[in-house]
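Structural overview
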Amino acid sequence: MFAAENGLRGDPRLQAISEAIRVVPHFPKPGIMFQDITTLLLDPKAFKDTVDIFVDRYRDMGISVVAGVEARGFMFGPSIALAIGAKFVPLRKPRKLPGEVISEAYVLEYGTDCLEMHVGAVQPGERSLIIDDLVATGGTLSAAIRLLERVGAEVVECACVVGLPEAKGQRRLNGTPLYILVEPREIENCY
Amino acid sequence: MSGCRDEDPRIHGIKTKIGVVPNFPKPGIMFQDITPLLLDPKAFKDAIDLFVERFKDNNISVVAGIEARGFIFGPPIALAIGAKFVPLRKPRKLPGEVIFEEYVLEYGSDCLEMHLGAVEPGERVLVVDDLIATGGTLCAAMNLLERVGAVVVECACLIELPELKGRGRLNGKPLYVLVEYQ
């Protein structure tokens with residue numbers, strides 16, 4: 001669900017966040033309008049507002065784990081975790097985490113990829129939040145949900161800054177609620 | 001492991017949360033794993049607070065974090081001191097116009113990229129990574145920033161491996177670390 005439909009309609013912070021996100025056409029390949037959140041990180045107020053909106057939503061939900069998807073989930077997750085007093089757990093590409101890990105494969109447009117989490121980072125029954133910058137098909141987030149559920153955690157919600165049209169209308173991913181701040185802006189004169 | 005800030009009582013708690021994983025990613029390497037620190041909200045907050053206390057009155061307008069573990073520590077510091085966060089990334093991750101800096105590895109070389117226009121000339125910058133070993137990556141990061149006319153005020157890492165003498169590769173720039181691994 002979008003933040004604007006869920007208590008933040010007309011919140012001026014959302015418009016500023018949306019406008020701070022740069023659209024880069026034809027990256028990483030022709031036809032893709034890439035939603036670049038790095039420009040949001042260059043705006044200290046808009047970046048802080050982004051984190052504050054998530055913190056306000058999650059601080060009283062008894063969440064003890066914030067899991068961030070490599071790499072842009074790392075830019076948002078830790079600040080949220082610190083503010084709500086939760087652990088931060090990085091979900092990483094293969095062979096980055098040392099020691100014992102569990103892996104979950106997921107499907108890409110061409111081929112597959114894999115997400116890993118440390119064994120023992122999350123205990124059964126822990127209430128978790130998963131964070132990434134953007135959701136498109138939901139494949140990566142679904143893999144993240146499976147990782148956490150495999151160790152017995154409860155995924156309370158998945159949170160993203162931007163939700164692409166493929167994600168629009170999805171209030172849930174495989175039964176897990178999805179919370180999105182903004183949708184992509186309409187960009188004219190891009191070819 | 002000795003700390004560089006032995007007087008501060010928070011350092012001990014941080015030190016105990018850094019795991020050492022032998023023979024990762026290859027035999028002979030004692031990998032310094034910061035993920036246990038992230039699982040301890042108090043110790044993680046203490047680490048960030050130590051950096052913020054040092055830098056908040058230093059007129060720093062940019063915190064540049066090195067992919068990927070620099071992305072974990074850099075943004076909370078940036079938010080607390082009111083600075084921009086600029087990710088320094090592996091090749092082909094950043095969309096749009098970038099500048100790149102190549103640096104030498106033990107075998108071969110790698111490359112760090114930064115967005116053009118993210119940092120303006122004259123901006124005062126803090127560079128953040130989880131660890132400094134040989135200093136090659138930090139040096140590449142500093143070069144990128146100086147090429148666009150920024151001033152690197154300091155490099156900040158949680159961990160230093162002093163035997164690898166990375167501190168000496170920073171062209172005289174100061175380095176602030178929380179713990180050393182001997």
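Scroll up to find the structure.
Nothing here was measured: the structure is a model prediction, and the numbers come from that model.

Another point: the side chain of Asp133(A). Residue and element names in this part refer to chain A. Inspection of the secondary structure puts Asp-133 in strand E7 (residues 127–135). For Asp-133, a relative accessible area of 4% puts it in the buried group. Within the structure, the side chain of Asp-133 is placed 2.8 Å from the side chain of Arg-72, a separation counted as a polar contact.

Attention shifts here to the packing of helix H3 (residues 41–55) of chain B against helix H4 (residues 70–81) of chain B. Residue and element names in this part refer to chain B. Taken N-terminus to C-terminus, the directions of H3 and H4 make an angle of 50°; their axes are 9 Å apart at the nearest point. On the basis of the axis angle, H3 is oblique to H4. The interaxial crossing formed by H3 with H4 has right-handed handedness. Judged by residue contacts, Phe-44, Ile-48, Phe-51, Val-52 and Phe-55 of H3 engage Ile-72, Phe-73, Pro-76, Ile-77, Ala-80 and Ile-81 from H4. Considering only residue class, the contact of H3 with H4 consists of eleven nonpolar, no polar and no charged.

To continue, consider the interface of chain A and chain B. The interface of chain A with chain B comprises 34 residues on the first partner and 33 residues on the second. Of all residues in chain A, Leu42(A), Leu82(A) and Pro98(A) give up the largest surface area on contact with chain B, accounting jointly for 21% of the area buried on that side. Linking chain A with chain B are six residue pairs in polar contact (both at pLDDT 80 or more). Taken together, the elements giving at least two residues each to the side of chain A that touches chain B come down to strand E1 (22–25), strand E2 (33–36), helix H2 (38–41), helix H3 (44–58), helix H4 (73–84) and strand E4 (87–91) of chain A.

All names here are of chain A. Evaluation of the coordinates by the stated rule reveals zero disulfides over all chains. Counting only cysteine sulfurs, Cys-158 is the nearest neighbor of Cys-160, a cysteine outside any disulfide, at a range of 6.8 Å. Of the residues examined, Cys-160 reaches a relative accessible area of 0% and is grouped as buried.

All names here are of chain A. Read across the sheet, six strands follow the order E4-E3-E7-E8-E10-E9 without closing on themselves; strand pairing throughout is mixed. The open sheet has two edge strands with one neighbour each: E4 and strand E9 (172–173). Its contacts with the sheet put helix H1 (residues 12–20) on strand E8 (154–163) and strand E10 (176–182), and the angle it makes with E10 is roughly 80°.

Conventions adopted
- Residues numbered from 1 in each chain as written.
- Chains lettered and ligands numbered in written order.
- Predicted model: local features only at pLDDT ≥ 70, side-chain atom pairs only at ≥ 80, totals over all residues.
- Heavy atoms only, no water.
- Helix = DSSP H or I, 4+ residues; strand = E, 2+ residues; numbered from the N terminus.
- Buried < 20%, exposed > 50% of the residue type's maximum accessible area, 1.4 Å probe, protein only.
- Polar contact = N/O pair within 3.5 Å; in protein donor to acceptor, adjacent residues only side chain to side chain.
- Axes fitted to C-alpha atoms, helices over the stretch in contact; angles between N-to-C directions.
- Parallel < 35°, antiparallel > 145°, perpendicular 65-115°, else oblique.
- Left-handed = near helix turned anticlockwise from the far one by under 90°.
- Contact = heavy atoms within 4.5 Å.
- Nonpolar A, V, L, I, M, F, W, Y, C, P; charged D, E, K, R; others polar.
- Buried area = accessible area lost by both parts, 1.4 Å probe.
- Disulfide = S-S within 2.5 Å.
- Pairing = 2+ DSSP bridges.

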